[in-house]
Amino acid sequence: MKAKVLTPDRQLNLVLPLAHEATDMRTTDTAAPGLARSGAVSPPIGTRLRQGDVDSKHRRSTRATTPGTRTSTTATPTTTTSPGLAVPLVSSADSTAPCSFQALVQAYLDCRANKRNTASALQFEQALEANLWALYQRLCDGSYRPGRSICFVVTRPKPREVWAAEFTDRIVHHLLYNHIAPRFHAGFVATSCACIPGRGTLDAAQKLEHSVRSITQNWSRPAHYLKMDLANFFVAIDKPILLAQLARRVHEPWWLDLARTILFHDPRAEVELRGSPAKLALVPPHKSLFNAPAVTGLPIGNLSSQFFANVHLDALDQHVKHQLRARHYVRYVDDFILLHESPQWLNQARADIEAWLPEHLGACVNPSKTILQPVARGIDFVGHVIKPWRRTTRPRTLATALRRLERMPAEDLHTAGNSYLGLLRQASHSHADQAQVARLLRRRGHAVAGDLTKIYRRTT
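Just so you know, these numbers come straight off a predicted model, no measurement behind them.

Participant: So, the packing of aromatic side chains: which residues are in play, and what are the values?
Facilitator: Taken as a whole and assessed by the stated rule, the structure comprises 13 aromatic pairs. Between Tyr-108 and Phe-167, the ring centres sit 6.1 Å apart and the planes meet at 80°, which makes this aromatic pair edge-to-face. Highlighted residues: Tyr-108 in helix α2 (residues 101-112) and Phe-167 in helix α5 (residues 167-185), separated in sequence by 59 residues. The buried category is assigned to Tyr-108, whose relative accessible area is 1%. On the basis of relative accessibility, which here comes to 5%, the residue Phe-167 falls in the buried class. Seen in terms of ring centroids, Phe-184 and Phe-307 are 5.6 Å apart; in terms of plane orientation they differ by 80°. Their pairing is edge-to-face. Here the residue Phe-184 occupies a position in helix α5, and Phe-307 occupies one in helix α10 (residues 303-323), the gap between them amounting to 123 residues. Phe-307 carries the same exposure label as Phe-184, and that label is buried.

Spelled out as structure tokens, the structure:
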């Protein structure tokens, strides 16, 4: 009687890469160094990858095993991610797994988009399969914990802290976002923008312009706007309240626990500070995450923080639309605008919002940024100024662009110039602004397209 060795069946998705699962028969032979690289996973990951770009997790050899090589049919399958570290295998086709390996691969592809040449992305890709598979194991067995963050300070448009998580943690952020974000996006109001596909600053400006034209009947009737801003928004977010908001729509225990792990992770416990002490001191103490209580505050810079912020303020959107019955309302992160014919109604709405926010979200309004004016004076919102019959770029943005392009090194001018021209052309009436930037770029030696939308490098 012959004994038949059964191997588990797998369904392979050729579009997404899969880590090679060990079968119940493995050899102890070691492949020759010259034959150790495998290009088997390169085509599924992307057509841009060259053959042999990614190291195979299992070093395979095509040569026959030498006589005397011992084979085991009873050994427990393991995969080695680093010398001396063995991780038990979990089948990617296992229906009991909390998430699929394909979903993790897609999260990795989303995470590396437009950032593939960064140092962290290149380091992770050097052992791509092994790193992804090890991360998948830690997620499945519940041992995943966020790692170290990097904190630095940006000074434009004002000093603020930016926190950058490790590349592995950013993959997990994308994994969570890809799974639970669609159900939240379906319930958001249509005029809620930021960190939603297709709803950026341009979409927010266009929606506000449409609302202004609607309430004024194409600028033929007077109307007023109320612009408000939350004080120290990201630093003051109440995590227990946010977790309760997530739990209302995330009913899977594993995914809710992953959201809790990311939400309550304190990046201050293990942080690498980059920048001079003088630059770090530019951030006001009340705006620094280092001074926030343990149960409040989210790090600015992570995809999860932006998504959590939208979930947190969705309660405000619902209150304004369904309790205050505001017909014209637009929000971008923590900046929001209400439109109405009556300034008295807007004053009542302001008082209601100021009383509602501390009670339900633990947030408060920044009184120095509260504005109530006629719309005919112009509305400054998300970098655009909406005035009768035109929408232009904020003058401060144009002045900053001209100043930076004048002093910028020549090797960076082509990229920055095209970026600013692309920003200016988003406004409906920006020809004069584009002409100013184009003249500066021509003086610095670049050729400009006739429609003022891009520049070219001069060749000798």
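Anyway, onward from the coordinates.
Participant: Account for the pattern of salt bridges, with residues named and values stated.
Facilitator: The full count for this structure, using the stated rule, is 13 salt bridges. With a closest N to O distance of 3.3 Å, Asp-257 and Arg-260 form a salt bridge. On the criterion of helical spacing, the pair formed by Asp-257 and Arg-260 is a turn pair, its members being 3 residues apart in helix α8 (residues 253-264). Among the residues examined, Asp-257 registers a relative accessible area of 40% and is labelled partly exposed. One network of salt bridges, with partners in common, ties together Arg-112, Arg-116 and Glu-125.

Participant: Please provide a residue-by-residue account of the side chain of Thr-168, values included.
Facilitator: Assignment of secondary structure puts Thr-168 in helix α5. Beyond its immediate sequence surroundings of up to four residues, Thr-168 is in contact with Phe-124, Leu-135 and Arg-138.

Participant: How would you sum up a positive patch on the surface? Please name residues and give values.
Facilitator: Positive charge collects at one region of the surface, where Arg-156, Lys-279, Arg-403 and Arg-407 lie side by side. Within the element layout of this structure, Arg-156 appears in the loop between β5 (149-154) and β6 (160-165).

Participant: Help me get a handle on the packing of α2 against helix α4 (residues 128-141), residues and values and all.
Facilitator: Across the interface, α2 lies against α4 with an axial gap of 10 Å and an inter-helix angle of 125°. Taken together, the axes of α2 and α4 are oblique relative to one another. The two elements α2 and α4 cross, and the hand of that crossing is right-handed. When α2 is examined against α4, the residues Phe-101, Leu-104, Val-105 and Tyr-108 are found in contact with a partner set consisting of Leu-128, Leu-132, Trp-133, Leu-135, Tyr-136 and Leu-139. Here the residues of the contact of α2 with α4 are counted per class, giving 10 nonpolar, no polar and no charged.

Participant: Go over empty space enclosed by the protein, please, and point to the residues and values.
Facilitator: Throughout the structure, instances matching the rule amount to 3 cavities of 30 Å³ or more. Taken together, 16 residues line the largest cavity, and the ones lying closest to its centre are His-173, Ile-262, His-265, Pro-299 and Asn-302. Looking at the lining of the largest cavity, the elements that each hand over two or more residues are α5, α8 and α10. For the lining of the largest cavity, the leading source of residues is α10, giving 3 residues.

Participant: Explain helix α12 (residues 395-407) to me, using residue names and the numbers behind them.
Facilitator: Taking 1.5 Å as the rise per residue, α12 with 13 residues should run 18 Å; its terminal C-alpha atoms sit 19 Å apart, in good agreement. For α12, the set of buried residues is Leu-398, Thr-400, Ala-401 and Leu-405. Seen end-on, α12 carries its buried residues on one side only, within an arc spanning 160°. Those residues of α12 that are exposed and angled more than 90 degrees off the buried face are Pro-395, Arg-396 and Arg-407. In this structure, the buried side of α12 is in contact with α13 (410-424) and α14 (431-443).

Participant: Residue-level account of α5, with values.
Facilitator: Between its first and last C-alpha atoms α5 spans 25 Å; for 19 residues at 1.5 Å apiece the expected length is 27 Å, and the two agree. Taken as a whole, α5 carries its principal kink of about 40° at His-179; the proline Pro-182 stands between one and four residues after it. A large share of α5 lies buried, amounting to 14 of its 19 residues.

Participant: Give a description of the sheet that holds strand β12 (residues 371-374) that names residues and reports values.
Facilitator: Pairing within the open sheet is mixed, and its 5 strands lie in the order β7-β10-β11-β8-β12. The open sheet is flanked by β7 (192-193) and β12, the only strands paired with a single partner. Strands in contact with α10 are β7, β10 (328-332) and β11 (335-340); relative to β10, the strand with the most contacts, it is inclined by about 170°.

Participant: Quick rundown of unusual backbone geometry? Include the residues and the values.
Facilitator: The step from Arg-156 to Pro-157 runs through a cis peptide bond, and the omega angle for that step is 0°. For Gln-217, which is not a glycine, the phi torsion comes out positive at approximately 50°. Looking at the secondary structure, you find Gln-217 in the loop between α6 (201-216) and β8 (224-229). Gln-217 sits in the partly exposed class, given a relative accessible area of 42%. Positive phi values are uncommon outside glycine, yet Leu-452 reaches one of about 60°. Topologically, Leu-452 is positioned in the loop between β16 (447-448) and β17 (455-456).

What counts, and where the lines are drawn
- Residues numbered from 1 in each chain as written.
- Predicted model: local features only at pLDDT ≥ 70, side-chain atom pairs only at ≥ 80, totals over all residues.
- Heavy atoms only, no water.
- Phe/Tyr/Trp six-rings, centres within 6.5 Å; stacked < 30°, edge-to-face > 60°.
- Helix = DSSP H or I, 4+ residues; strand = E, 2+ residues; numbered from the N terminus.
- Buried < 20%, exposed > 50% of the residue type's maximum accessible area, 1.4 Å probe, protein only.
- Salt bridge = Lys/Arg side-chain N within 4 Å of Asp/Glu carboxyl O.
- Contact = heavy atoms within 4.5 Å.
- Patch = residues over 30% accessible without salt bridge, like charges linked within 9 Å, V, L, I, M, F, W, Y side chains within 5 Å.
- Areas by Shrake-Rupley, 256 points an atom, 1.4 Å probe, with all protein chains shown as cover.
- Lys, Arg positive; Asp, Glu negative; His and termini not counted.
- Charge placed at Lys NZ, Arg CZ, Asp CG, Glu CD.
- Axes fitted to C-alpha atoms, helices over the stretch in contact; angles between N-to-C directions.
- Parallel < 35°, antiparallel > 145°, perpendicular 65-115°, else oblique.
- Left-handed = near helix turned anticlockwise from the far one by under 90°.
- Nonpolar A, V, L, I, M, F, W, Y, C, P; charged D, E, K, R; others polar.
- 1 Å grid on protein atoms, 1.4 Å probe; cavity = no way out; pocket = protein on both sides within 12 Å on 5 of 7 lines; lining within 4 Å.
- Points joined across faces, edges and corners; volume = space filled by probe spheres on them.
- Expected span 1.5 Å × (residues − 1).
- Arc of directions from axis to C-beta.
- Bend = angle between axes of the 7 residues up to and from the residue.
- Pairing = 2+ DSSP bridges.

From the geometry alone we can't say anything about function, so treat these as descriptive.
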